[in-house]
Amino acid sequence: MKKNIEPCYYGDYLHLDKVLGAQELQSVKYGEPAHEEMLFIIVHQVYELWFKQVLHELNAVIDTFNQDTVKDQQLTQVVHRLHRVIQIQRLMNDQIAIMETMTPQQFLSFRDYLVPASGFQSIQFKRLEISLGLKREFRIDFDKQSFYNRLNENDRALLEGLEEKPSLFDLVDKWLSRMPLLKTDDFDFWQYYKTAADSMLQDDHHTITTNTMLSDVEKRQELNDWQSTKENFDALFDDEQYQQLLKEGKFRLSHEALLSALFIKQYSEEPIFNLPFQLITALTEIDEQLTIWRYRHAMMVQRMLGTKIGTGGSSGHHYLKKTTESNRIFLDFFNMATFLLPKTALPDLPESIKRKLGFFLQ
């Protein structure tokens, strides 16, 4: 049923006069228009529109987590919104293929008119990264300072102010940390877990040392990797050791948050952990899609420019490739598979624990 008093027309509602009139070719100012510049502009404008929508979803999720408790109904909505972000990311990744219909020569027909414009000047994309948890301290050196120096005063103040606010990573870490560590008078999950983990590690060690197919060099390398894995396992049960690995950048989640996330993933089939597990999975997928976007972007730039520097002064493909490898946010959720054990090695949760979790998981 009609509820509006004044008529609402399609073109007016979407401001199509502004949107469709916002493609101004730089090449026209210097001679004949470059045909592919229209595609270049529209693809980037569409990216910015999707960035705006992703920020709209993320800000709502951050507001939800920036509370003392998060109710199940809210968590359902959070997971739904994160799934929407993932679908948008997949669409943006597919959009790169449209850009790749442009040949390097076609790009060069207008590229030199765009100096010093560059994609890394996208304020919305930086807002997205910071909001997720990629703050200055976790960036590569170029992004820590050089990027900020290339912004105008207002944009720099906006991003630096955002750096001071809790990110989604920070808030999810606090939320996970509030879950009790499942130790009662009659049940100690982590003791069960440690016994099972030690047994698994010893089996792995025996497999390596008795493998006659490995050379001495290969065996030493396998044993070095085994030792590194064992140290990570040991840190789960030793806060001081974990804090040291945290300082070294081997972990980013707090000790309490990592243990809680591990427990949720280990017992993901339990109804009470369904939504928390979906949340962790969605954040992992968002990080993966962001990494895919960086990788495909880097490959596209190499395809278009080879080793030329970027129009914004970065090292072009080399810069983008480095951010692909370094700018990860929820890497701990990926690496958590290291600590997952077979279900047969772990105990069933007592009913008393399930009831307690029903009260405390907030």
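Before any of the text, the structure's been laid out above.
The rules behind the values
- Residues numbered from 1 in each chain as written.
- Predicted model: local features only at pLDDT ≥ 70, side-chain atom pairs only at ≥ 80, totals over all residues.
- Heavy atoms only, no water.
- Helix = DSSP H or I, 4+ residues; strand = E, 2+ residues; numbered from the N terminus.
- Buried < 20%, exposed > 50% of the residue type's maximum accessible area, 1.4 Å probe, protein only.
- Areas by Shrake-Rupley, 256 points an atom, 1.4 Å probe, with all protein chains shown as cover.
- Lys, Arg positive; Asp, Glu negative; His and termini not counted.
- Charge placed at Lys NZ, Arg CZ, Asp CG, Glu CD.
- Patch = residues over 30% accessible without salt bridge, like charges linked within 9 Å, V, L, I, M, F, W, Y side chains within 5 Å.
- Salt bridge = Lys/Arg side-chain N within 4 Å of Asp/Glu carboxyl O.
- 1 Å grid on protein atoms, 1.4 Å probe; cavity = no way out; pocket = protein on both sides within 12 Å on 5 of 7 lines; lining within 4 Å.
- Points joined across faces, edges and corners; volume = space filled by probe spheres on them.

A. Structural context of the overall build of the protein chain. In terms of helices and strands, the protein chain carries 17 helices and two strands. Overall, the protein chain is about 80 × 65 × 35 Å in size when its C-alpha atoms are taken along their principal axes. Put simply, the protein chain has 362 residues, and 42% of those count as buried. By element, 53% of the accessible surface of the protein chain is carried by carbon and sulfur atoms, the whole surface being about 20300 Å². Taking the average location of the 41 positive side-chain charges in the protein chain and that of its 52 negative ones, the two points are 3 Å from each other.

B. Spotlight on a nonpolar patch on the surface. A cluster of nonpolar residues, Tyr 10, Tyr 13 and Leu 14, forms a patch on the protein surface that exposes about 390 Å² of accessible area. Here Leu 14 falls in the partly exposed class, since its relative accessible area comes to 35%.

C. Focus on the pattern of salt bridges. Overall, the coordinates contain 15 salt bridges when judged by the stated rule. One salt bridge connects Arg 303 with Glu 100, and the closest N-O pair in it is separated by 3.7 Å. Here Arg 303 is found in helix α14 (residues 274-305), whereas its partner Glu 100 is found in the loop between α4 (72-99) and α5 (104-108), with 203 residues between them in sequence. The partner of Lys 250 in a salt bridge is Glu 248, with the nearest N and O atoms 3.7 Å apart. A relative accessible area of 44% places Lys 250 in the partly exposed class. Overlapping salt bridges bring together Glu 100, Arg 296 and Arg 303 as one network.

D. Expanded view of empty space enclosed by the protein. Summed over all chains, the structure comprises one cavity of 30 Å³ or more. What the largest cavity holds in volume is close to 60 Å³. Contributing elements (two or more residues each) for the lining of the largest cavity: α4, α6 (123-132) and α14.

Distances and angles like these do not, on their own, reveal function.
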